[in-house]
Amino acid sequence: MRPRVVAGVGGGHGSPAVLRRAAAEARLRGAELWAVLAWDAPGAGAGGRHLTGPAPSLSVFREDAAERLRRSLGAAFGAAGAGVPLTGRAVRGTPGAALVDIADDQDCVIVVGTGSRGAAHRLLWPSVARYCLAHAPCPVLAVPPSPLRAGLAAVHRRNVLRLRLDTRELTDRDGV
C-alpha cells in the first residue's frame, strides 16, 4: 500500500495552508494526499447545538460537508490541482479520531492546523492537533496559523469597536 499524507480540513481560513503543506509533504514522500473533513450533525454530541423544528436528514449534513471540502480544495489548489494523487473524504465523527483512524499506519503522516487557541476556544473545542499527537501511530505535522491572521483580527476588532486608526501604526518601525 502506498504511504499517505492525511490532511485535516476544517473548512476555515487555515485549511488552504494545511492542504498546501500536506501536498508538499506528499511530494517529498512520494505519497498520496488524503484530505479529510470530519463532520457531525448539530446537537449530536455533548454541548452541541440544538435544532428547533424538524431535523434535516443526515444526507443534508453529509452533502454540506462534501461541499465545504470541495471549496477548501479549490481555495488551496485551484484548477491546477495538488500535483499528487488526491483523495477527498468527508467522514462523520470527531476530527481528531477521524484523522487517527485514517492514518492507521506508521508510513502515514498527519498534517493539521493549530489554529488560534484563545482561552474561550480551548474551553469549548478540544485541540485536534493535541489529540492527533497523543493518539496517532505516525508522525504529526502541526501547521501554525499565518502571522497575518493576528493583524487581520486586530483590524477586525478595531472596526467592530469603531476605534480610530492611529497613523503611527502605519509607519515602518524597523526603519526599512
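The structure reproduced in this document is the subject of the present report.

Turning next to the overall build of the protein. A count of helical and extended segments in the protein gives 6 helices and 5 strands. Counting helices and strands in the order they occur from the N terminus, the protein gives β-α-β-α-β-α-β-α-α-β-α. For the protein, with 176 residues in total, the buried portion stands at 29%. The long-range fraction of contacts in the protein, counting pairs at least 24 apart against all pairs at least 6 apart in sequence, stands at 77%. As displayed, the protein has an accessible area near 11,400 Å², and 56% of this comes from carbon and sulfur atoms.

A word on the pairing of strand β2 (residues 32–39). Most of β2 is tucked away, with 7 of its 8 residues classed as buried. As paired strands, strand β1 (residues 4–8) and β2 are joined by 5 bridges and run parallel to one another. Across the sheet, the residue bridging to V5 is L33, located in β2.

This part is about the side chain of S127. Along the polypeptide, S127 turns up in the loop between α4 (119–124) and α5 (128–135). Judged by relative accessible area, S127 falls into the buried class, the value being 16%. From its side chain, S127 meets the backbone nitrogen of R130 in a polar contact 3.1 Å long.

Okay, the nonpolar core next. One recurring pattern in soluble globular proteins is that nonpolar side chains are buried together. One finds V5, L19, L33, F77 and V111 to be the most contacted residues of the largest nonpolar core, which totals 25 residues. Every element with two or more residues in this core is listed here: β1, α1 (15–29), β2, α2 (58–77) and β4 (109–113). Looking at this core, the element that brings in the most residues is α2, giving 6 residues. Excluding residues within four positions of it along the chain, F77 makes contact with L19, R20, A23, L33 and A82.

This model, assessed by the stated rule, comprises 7 salt bridges. The salt bridge involving R21 is made with E25; its shortest N-O contact spans 3.2 Å. With R21 and E25 both in helix α1, this residue pair falls 4 residues apart, about one helical turn. Residue class for E25 comes out buried when judged on its relative accessible area of 11%.

The strand order β3-β2-β1-β4-β5 describes an open sheet built from 5 strands, whose pairing is parallel. One side of each edge strand has no neighbouring strand; the edge strands of this open sheet are β3 (86–92) and β5 (140–143). Strand after strand, the sheet turns through a mean of 20° between neighbouring axes, direction not considered. As paired elements, β1 and β4 share 3 bridges and run parallel to each other. The partner of A7 across the bridge, within β4, is V111. Taken strand by strand, α2 contacts β2 and β3, and its axis lies near 140° from that of β2.

Burial within β4 is extensive, with 4 of its 5 residues counted as buried. In this sheet, β5 lies alongside β4 in parallel orientation, the contact comprising 4 bridges. When the sheet's bridge partners are listed, V111 is paired in β5 with L141.

This part takes up the environment of D107. Here D107 shows up in the loop between α3 (95–102) and β4. The spacing of D107 and P3 is 104 residues in sequence and 5.4 Å in space, taken between C-alpha atoms. Setting aside its immediate chain neighbours within four residues, D107 contacts P3 and R4.

Reading guide: rules and limits
- Sequence order sets the numbering: in each chain, residues are counted from 1 along the sequence as written.
- Local features in this predicted model are restricted to residues of pLDDT 70 or higher, and side-chain atom pairs are both shown and tallied only at a pLDDT of 80 or more, whereas totals for entire chains, interfaces and linings draw on every residue.
- For side-chain calculations, the full set of non-hydrogen atoms in the structure is used, while hydrogens and water are omitted.
- Strands are runs of DSSP state E lasting at least 2 residues, helices are runs of H or I lasting at least 4, and numbering of each runs from the N terminus.
- Accessibility here uses a 1.4 Å probe with only protein chains present; expressed as a share of the type maximum, an area under 20% marks a residue as buried, one over 50% as exposed, and anything in between as partly exposed.
- Contacts were defined at the residue level, with two residues in contact if any of their heavy atoms lie within 4.5 Å.
- The accessible surface values rely on the Shrake-Rupley method and a 1.4 Å probe; as for residues, cover is taken only from the protein chains in view.
- Paired strands, in this sense, are two strands between which DSSP finds at least two bridges.
- Any pair of nitrogen or oxygen atoms within 3.5 Å is treated as a polar contact; in protein, a donor-acceptor pairing is required on top of that, and neighbouring residues in sequence qualify only through side-chain atoms on both sides.
- Here, nonpolar core means buried Ala, Val, Leu, Ile, Met, Phe, Trp, Tyr and Cys residues that are tied together by side-chain atoms lying within 4.5 Å of each other.
- Whenever Lys or Arg places a side-chain nitrogen within 4 Å of a carboxyl oxygen from Asp or Glu, that contact is recorded as a salt bridge.
- Axis angles are defined between N-to-C directions and span 0 to 180 degrees, where every axis is a line fitted to C-alpha atoms and, for a helix, only to the segment in contact.

Such coordinate-based values are descriptive only and should not be taken to indicate function.
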